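Notes for the structure review
Chain residues, written in single-letter form:
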Amino acid sequence: GGIITQTPKFLIGQEGQKLTLKCQQNFNHDTMYWYRQDSGKGLRLIYYSITENDLQKGDLSEGYDASREKKSSFSLTVTSAQKNEMAVFLCASSIRDWGYEQYFGPGTRLTVL
Amino acid sequence: QQNVQQSPESLIVPEGARTSLNCTFSDSASQYFWWYRQHSGKAPKALMSIFSNGEKEEGRFTIHLNKASLHFSLHIRDSQPSDSALYLCAAHNTNTGKLTFGDGTVLTVKP
């Protein structure tokens with residue numbers, strides 16, 4: 001089995017601050033994803049990466065940047081934190097693309113002061 | 001553009017009951033359909049998937065898919081308190097290749 005690790009677990013920033021969330025997976029999966037989950041709601045795709053060095057925008061990419069540094073790691077940057085994007089950010093991976101099961105990390109909860 | 005809607009938003013059932021959760025989608029060419037379960041404070045975890053019309057059963061869980069009516073559902077037999085969670089359905093969007101998730105159904109199973 002494998003695991004997805006997200007750091008930090010809790011992230012507190014000031015409005016307008018640039019913040020970075022990190023994700024590591026040891027499944028050796030090709031595809032990785034970043035989702036945002038607002039309180040009690042579904043998942044909205046921010047960015048995904050089909051393979052190392054690939055980057056694709058999701059439906060919610062405005063205000064975010066992403067980086068796939070290597071196969072096992074995928075980072076997300078909030079370019080200018082806003083109060084209305086306080087949420088849980090979930091990282092996921094799958095062996096290949098969309099037809100395969102996605103495995104999720106425990107999430108990073110973002111608070112903006 | 002794929003639109004995925006779930007109903008009901010929340011549901012409370014007694015232990016032992018049969019529970020039905022519904023999902024409708026808008027892209028008639030969708031090929032992959034998933035149910036994920038998320039216990040409070042935990043990561044979502046895939047429960048079941050279905051790729052062709054019909055029914056699939058795994059233990060107490062059954063998925064029905066009817067592509068003609070743009071509908072799929074999850075049925076839980078003999079519901080347990082440990083089944084209490086947020087249930088998310090997802091359908092594949094053929095234009096973008098991406099999965100679109102619904103907003104979820106919160107299920108509470110009372111002992």
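Summary of the structure given here. The shown structure was predicted, so the numbers you read here are calculated from the model rather than taken from an experiment. (Residues numbered from 1 in each chain as written. Chains lettered and ligands numbered in written order. Predicted model: local features only at pLDDT ≥ 70, side-chain atom pairs only at ≥ 80, totals over all residues. Heavy atoms only, no water.)

Regarding its fold elements, chain A presents 0 helices and 11 strands. When the helices and strands of chain A are read in sequence order from the N terminus, they spell out β-β-β-β-β-β-β-β-β-β-β. Against the compact-globule benchmark of 13 Å for 113 residues, chain A has a radius of gyration of 13 Å, which places it among compact chains. Each principal axis of the C-alpha distribution contributes one length, and for chain A these read about 35 × 25 × 20 Å. By residue count, 49% of the 113 residues in chain A fall in the buried class. If you sum the accessible surface of chain A, you get close to 5400 Å²; carbon and sulfur atoms cover 47% of it. Distance from the positive charge centre (13 side chains) to the negative charge centre (12 side chains) of chain A: 5 Å. (Helix = DSSP H or I, 4+ residues; strand = E, 2+ residues; numbered from the N terminus. Rg over C-alpha atoms; globule rule 2.2 N^0.38 Å. Buried < 20%, exposed > 50% of the residue type's maximum accessible area, 1.4 Å probe, protein only. Areas by Shrake-Rupley, 256 points an atom, 1.4 Å probe, with all protein chains shown as cover. Lys, Arg positive; Asp, Glu negative; His and termini not counted. Charge placed at Lys NZ, Arg CZ, Asp CG, Glu CD.)

Another point: the sheet that holds strand S8 (residues 73–78) of chain A. Residue and element names in this part refer to chain A. On the basis of which strands lie adjacent, the open sheet formed by 4 strands has the order S1-S3-S8-S7 and antiparallel pairing. Of all the strands in the sheet, just strand S1 (4–7) and strand S7 (64–70) have a single pairing partner and so form its edges. The mean inter-strand angle of the sheet, taken between neighbouring strand axes irrespective of direction, is 15°. With 5 bridges joining them, S7 and S8 adopt antiparallel strand pairing. Within S8, the position partnered with Ala 66 by the bridge is Leu 76. (Pairing = 2+ DSSP bridges. Axes fitted to C-alpha atoms, helices over the stretch in contact; angles between N-to-C directions.)

With that out of the way, let us pick up the environment of Leu 45 of chain A. Within the secondary structure, Leu 45 of chain A is located in strand S5 (residues 43–49). With 12 residues separating them in the primary sequence, Leu 45 of chain A and Lys 57 of chain A have C-alpha atoms 8.2 Å apart.

The step from Thr 7 of chain A to Pro 8 of chain A runs through a cis peptide bond, and the omega angle for that step is -10°. For Pro 8 of chain A, the position within the fold is in the loop between S1 and strand S2 (10–13). In this chain, Ser 7 of chain B is followed by Pro 8 of chain B through a cis amide linkage whose omega measures -10°. Considering the arrangement of structural elements, one finds Pro 8 of chain B in the loop between strand S1 (4–7) and strand S2 (10–14). Even without being glycine, Asn 53 of chain A reaches a positive phi, approximately 75°. Position of Asn 53 of chain A among the secondary structure elements: in the loop between S5 and strand S6 (56–57). Even without being glycine, Leu 70 of chain B reaches a positive phi, approximately 55°. Mapped onto the elements, Leu 70 of chain B comes out in the loop between strand S7 (61–66) and strand S8 (71–76). Owing to a relative accessible area of 25%, Leu 70 of chain B belongs among the partly exposed residues under this scheme.

Applying the stated criterion to the full structure yields 15 aromatic pairs over all chains. When the ring of Tyr 33 of chain A is compared with that of Tyr 35 of chain A, the centres are 6.1 Å apart and the planes differ by 25°; the resulting orientation is stacked. For Tyr 35 of chain A, a relative accessible area of 0% puts it in the buried group. With centroids separated by 5.9 Å and ring planes inclined at 40°, the aromatic side chains of Trp 34 of chain B and Tyr 36 of chain B adopt a geometry described as tilted. For Trp 34 of chain B, a relative accessible area of 5% puts it in the buried group. (Phe/Tyr/Trp six-rings, centres within 6.5 Å; stacked < 30°, edge-to-face > 60°.)

This part covers the state of the cysteines. Under the definition given, this model contains 2 disulfides over all chains. Disulfide partner of Cys 23 of chain A: Cys 91 of chain A, at an S-S distance of 1.9 Å. Given an S-S torsion of about -75°, the disulfide between Cys 23 of chain A and Cys 91 of chain A has left-handed geometry. Taken as a pair, Cys 23 of chain A in strand S3 (residues 19–25) and Cys 91 of chain A in strand S9 (residues 87–94) lie far apart in primary sequence, 68 residues in all. Given the relative accessible area of 1%, Cys 23 of chain A is considered buried. Sulfur-sulfur distance for the disulfide between Cys 23 of chain B and Cys 89 of chain B comes to 1.9 Å. Linking Cys 23 of chain B and Cys 89 of chain B, the disulfide has an S-S dihedral of approximately 65° and is accordingly described as right-handed. One end of the pair, Cys 23 of chain B, is in strand S3 (residues 19–25); the other, Cys 89 of chain B, is in strand S9 (residues 85–92), and 66 residues separate them in sequence. Across the pair, exposure class does not vary: Cys 23 of chain B and Cys 89 of chain B are buried alike. (Disulfide = S-S within 2.5 Å.)

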